[in-house]
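Geometric and topological summary
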Amino acid sequence: RHKSRRRQVSASRVTMDATISSASSPLRLSGTATGPGRSPTPRPNIVAAGRQPAGASAAASTARLHAVSPSPSPPAPVESFGFDALKETFSVDVAAAEARPLDVPLAAPFTIASSRLEAVSNVAVRVELRSGAVGWGEAPVLPSVTAEDQPAALAAVGRACAALKGAPAVPLGALLQGVASVLPGHDFASARAGVEMALIDAVANSIRIPLWRLFGGASDCVTTDITIPIVTPNEAAQLAAKYRGQGFQTLKLKVGKNLNSDIEVLKAIRLVHPDCSFILDANEGYTAEQAIEVLDRLNEMGVTPVLFEQPVHRDDWEGLRDVSIVAMDKYRVAVAADESCRSLVDAQKIIHGNLAHVINIKLAKLGVLGALEIIDAARKANVALMIGGMVETRIAMGFAGHLAAGLGCFSFVDLDTPLLLSEDPVYGGYEVVIIVFSSYFDLAISRILKMKLSDLYTSLRMPVVTVVSLTWTMMAWSYKMKRAMEYIGPSGASRTIVVHAKVTLDLCN
C-alpha cells in the first residue's frame, strides 16, 4: 500500500496521502473546471461513434467514423507546453527508481470471456528526480491480454529502474527511448507503460504542469462508462440499478462466454435501466457468426448497442471485417478493435483494411509512446478512437484520463476500474461530492464523499459538484447552486456544476 500514514475518518470522508502526486492520481467525479481568471474549459463532446448527428446522411459501410473533436473550435491550451517539445528540451536526471507490488482485492470477481480476476496484482513504479520531483506509474497485469504476470512485470520494471538510476542526465525523449530498448515490443508493453508514466509524471510535477495540459489542454475532464462483468441476470440487474442510481448512462457489458446467457442478461438490465446505452465487449469470445446473431437478436428486442468491442478472436481479421460490415450496414453499430490492435503495425492493418470503425487505445498493451503513435495514425485517417484499460488503480487510470482529456479526441471513454476495487490503495489526488437534486426548489443531499486534494496543488483546490439528476427549471438554477455551494462550504474559487445527468472523471490541476 502506497502511503506514509492513514488517518481514521468518518464514513463520508476519506483523506488521501499527499505523497502521491496529483498528476498520477487525478480522477474525481465532477464538473467543468474554472479558476481565478479562467473561463470554464469546454469538456470533450463525447459522442458515440456510429450514432450520427441529427441531419447527417447515412454513410456507406466503407466510410470511416470520424474521430470526435472536443468542440468546433477547440480552446488553446492554457500553457504553451507540449509533450513533443518537452521530450527534446527537458533534461531528466533520475535519483531513484523502484518497482513495488500493487495488490488490491476487487469488490467482486471480475469475469470476462477470456479470464476471471478476484484481485488486482499489478506493479507500481516510483521515480524521483534530482530536483525532488516524484512521479508514479502503474504496470497493469492481465495475463489473458498482457504478456507479463506480476513476477515478470516486477523483474522487467526492476531492470528498467536500474538502468534509469545509472543513466546520466539526458533529454526526456532520449530517456524514454532508452526505456523502450530495455523493455521492447508487446511482450514488455505493460512494464514499459508503467515506467513511461512515472517518468512523464515526474517531469510534469517538476514544472508544475498537469498532464492534461501537457498532452494538449483540450479539456480537464472526461465522462466514463461503467462495466458489468459476466454475471447472472439477477446480479447484472442489481448492478445496473445501482449504476443508474449513481448517474451512469452508458453500461459496458461483458459478453462472449455463452450467447443465450448474454441475451438474458441484457433483458434483465433493460428492465431496471431501460434508457441506458450499451457497449458490448466480447473480449474475443464469439465467432463472426455468433457476433452477428447477437446483433440480430438484440434488434428483435429493440436494442441497438452504441459499440461492439472485439467481437472475435484477435487474429481473426476476416471475421472482424465481416462483423464490422454487417453491424454498420444493417444496424448502424460501430465495431471496435481492442485485442486485435497491439502495435502500430496492427493499427495500420485495421486502418488500411477497413477492418473496424474504432480502435481501442490501452496504455498497458501499447506503452505511452506506442499509444501516441497509434492515436496520431488514427486521427490522420479519421478513424474513431476509444480509450480503456486493464483492471487498474487510479495511478494508471488517472494517467489515461489526463491523456484522453488533454487530446480531446476520444469518442468512447472506458476508465472505470478504480470504481470496481474494494479499497483504494492510492492516497491523494481527488475530491468527490455527489449531490442529487429533486424538482424545483427541493434540495436533497443523497451522498457526500469528499477526498482531499494533494497538497502539491493546494492553491488550485476547488469544490466540485456532480449533478446526478436534473429536473428543475432554469429560474431555480441560481438558487439551487447557491444552496449547494453553501452546504459544501466556502473554499475559494468554485467550479461549475455539471448540468447533465452524467458521472464524469474530473482531473486535478
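What counts as what
- Residues numbered from 1 in each chain as written.
- Predicted model: local features only at pLDDT ≥ 70, side-chain atom pairs only at ≥ 80, totals over all residues.
- Heavy atoms only, no water.
- UniProt positions renumbered as here; feature names shortened; annotations may be inferred.
- Helix = DSSP H or I, 4+ residues; strand = E, 2+ residues; numbered from the N terminus.
- Buried < 20%, exposed > 50% of the residue type's maximum accessible area, 1.4 Å probe, protein only.
- Contact = heavy atoms within 4.5 Å.
- Areas by Shrake-Rupley, 256 points an atom, 1.4 Å probe, with all protein chains shown as cover.
- Arc of directions from axis to C-beta.
- Patch = residues over 30% accessible without salt bridge, like charges linked within 9 Å, V, L, I, M, F, W, Y side chains within 5 Å.
- Salt bridge = Lys/Arg side-chain N within 4 Å of Asp/Glu carboxyl O.
- Lys, Arg positive; Asp, Glu negative; His and termini not counted.
- Charge placed at Lys NZ, Arg CZ, Asp CG, Glu CD.
- Phe/Tyr/Trp six-rings, centres within 6.5 Å; stacked < 30°, edge-to-face > 60°.
- Polar contact = N/O pair within 3.5 Å; in protein donor to acceptor, adjacent residues only side chain to side chain.
- Pairing = 2+ DSSP bridges.
- Axes fitted to C-alpha atoms, helices over the stretch in contact; angles between N-to-C directions.
- Expected span 1.5 Å × (residues − 1).
- Core = buried A, V, L, I, M, F, W, Y, C linked by side-chain atoms within 4.5 Å.
- Domains from an automatic or database assignment.
- Right-handed = clockwise from strand over helix to strand, strands pointing away.

Under the UniProt heading Sequence similarities (unreviewed entry), the note attached to the protein is "Belongs to the mandelate racemase/muconate lactonizing enzyme family."

As for the overall build of the protein
Each helix and strand counted, the protein has 14 helices and 21 strands in total. Per-residue burial over the protein gives 56% buried out of 509 residues. Residue pairs in contact within the protein that sit at least 24 positions apart in sequence constitute 79% of those at least 6 positions apart. Summed over its atoms, the accessible surface of the protein is roughly 19400 Å², and 53% of this surface lies on carbon and sulfur atoms.

Topic: helix H3 (residues 172-182)
What H3 keeps buried is the set Leu 172, Gly 173, Leu 175, Leu 176 and Val 179. The buried residues of H3 occupy one face: seen down the axis, they fall within an arc of 165°. Exposed side chains of H3 directed beyond 90 degrees from the buried face belong to Gln 177 and Ser 181.

With respect to a negative patch on the surface
A cluster of acidic residues, Glu 289, Asp 315, Asp 316 and Glu 318, forms a negative patch on the protein surface. Among the structural elements, Asp 315 can be located in the loop between strand E12 (307-309) and helix H9 (317-331).

Let's talk about the packing of aromatic side chains
Counted according to the given criterion, the structure contains four aromatic pairs. Grouped by ring-pair contacts, the aromatic residues Phe 83, Phe 215 and Phe 399 constitute a single cluster.

Side note on the UniProt feature "active site" (unreviewed entry) in the protein
The positions UniProt marks with the feature "active site" (unreviewed entry) are Lys 254 and Lys 362. Relative to the helices and strands, Lys 254 is located in strand E10 (residues 250-254). The buried category is assigned to Lys 254, whose relative accessible area is 8%. Ignoring any residue separated from it by four or fewer positions in sequence, one finds Lys 254 in contact with Phe 110, Thr 111, Ile 112, Thr 227, Ile 228, Pro 229, Ile 230, Asp 281 and Asn 283. As for its placement among the helices and strands, Lys 362 is situated in the loop between strand E14 (358-361) and helix H11 (363-366). By relative accessible area, Lys 362 is classed as buried at 6%. A distance of 2.7 Å separates polar atoms of two side chains, one belonging to Lys 362 and the other to Asp 338.

What to know about the sheet that holds strand E11 (residues 277-281)
Across the sheet, which stays open at both edges, the eight strands sit in the order E9-E10-E11-E12-E13-E14-E15-E16 with parallel pairing between neighbours. In this open sheet, the two edge strands, each paired with only one partner strand, are strand E9 (226-228) and strand E16 (412-413). Across three bridges, the pairing between E11 and E12 is parallel. By the bridge assignment, Ile 279 is partnered in E12 with Leu 307. Relative to strand E13 (residues 334-337), H9 is tilted by about 155°, and along the sheet it contacts E12 and E13.

Some thoughts on helix H2 (residues 150-165)
Taking 1.5 Å per residue, 16 residues should reach 22 Å; H2 reaches 22 Å between its end C-alpha atoms and fits that length. The N-capping residue of H2, defined by a side-chain oxygen 2.9 Å from the backbone nitrogen of Ala 152, is Asp 149.

Topic: the side chain of Thr 417
Note that Thr 417 resides in the loop between E16 and strand E17 (434-437). If we ignore the near neighbours within four places in the chain, the residues touching Thr 417 are Met 390, Val 391, Glu 392 and Met 397.

What to know about the sheet that holds strand E5 (residues 116-129)
Spatially, E4-E5-E6 is the arrangement adopted by the three strands of the open sheet, whose pairing is antiparallel. The open sheet is flanked by strand E4 (94-111) and strand E6 (134-139), the only strands paired with a single partner. Mean inter-strand twist for the sheet, computed between neighbouring axes without regard to direction, equals 25°. Of the pairings in the sheet, the one linking E5 to E6 comprises six bridges and is antiparallel in character. Bridged to Val 125 within E6 is Gly 137. Against the sheet, helix H4 (residues 189-206) engages E4, E5 and E6, with an angle of about 160° to E6.

A short note on the nonpolar core
The biggest cluster of nonpolar side chains holds 126 residues, and the ones touching the most others in it are Leu 199, Ile 269, Phe 308, Ile 359 and Phe 410. No other element matches the ten residues that H4 contributes to this core. Split by domain, this core shows at least three residues from each of two domains, domain 1 (83-215) and domain 2 (221-433). Listed in part, the ten residues of the second largest apolar core include Ile 279, Leu 307, Ala 334 and Val 358.

Quick notes on unusual backbone geometry
Within the chain, Arg 332 stands out as a residue other than glycine whose phi angle is a positive 55°. Inspection of the secondary structure assignment puts Arg 332 in the loop between H9 and E13. According to the relative accessible area criterion, Arg 332 is partly exposed, its value standing at 25%. Although it is not a glycine, Asn 354 sits at a positive phi angle of roughly 50°. Here Asn 354 is to be found in the loop between helix H10 (344-352) and E14. Looking at Asn 354, the relative accessible area reads 28%, which means it is partly exposed.

Notes on the environment of Leu 421
Relative to the elements of secondary structure, Leu 421 occurs in the loop between E16 and E17. In the structure, Leu 421 is positioned 314 residues away from Ala 107 in sequence and 5.1 Å away in space, judged by C-alpha atoms. Setting aside chain neighbours within four positions, we find Leu 421 in contact with Val 104, Pro 105, Leu 106, Ala 107, Val 120, Glu 392 and Thr 393.

Concerning the pattern of salt bridges
Under the definition given, this model contains 17 salt bridges. A salt bridge links Asp 281 to Lys 252; the shortest N-O distance between them is 3.3 Å. Of this pair, Asp 281 sits in strand E11 while Lys 252 sits in strand E10, and the two are 29 residues apart along the sequence. Arg 297 is the salt-bridge partner of Glu 293, the closest N and O atoms lying 3.7 Å from each other.

Re the pairing of E11
When you tally the buried positions in E11, you get five out of five residues, the bulk of the element. Here E11 shows a buried face lined by Ser 277, Ile 279 and Asp 281 and a second buried face lined by Phe 278 and Leu 280. By the bridge criterion, five bridges tie E10 to E11 in an arrangement that is parallel. Bridging across to E11, Leu 251 finds its partner in Phe 278. This β-α-β element, E10 to helix H7 (residues 259-272) to E11, shows right-handed connectivity. Note on the crossover from E11 through helix H8 (residues 288-300) to E12: the handedness is right-handed.

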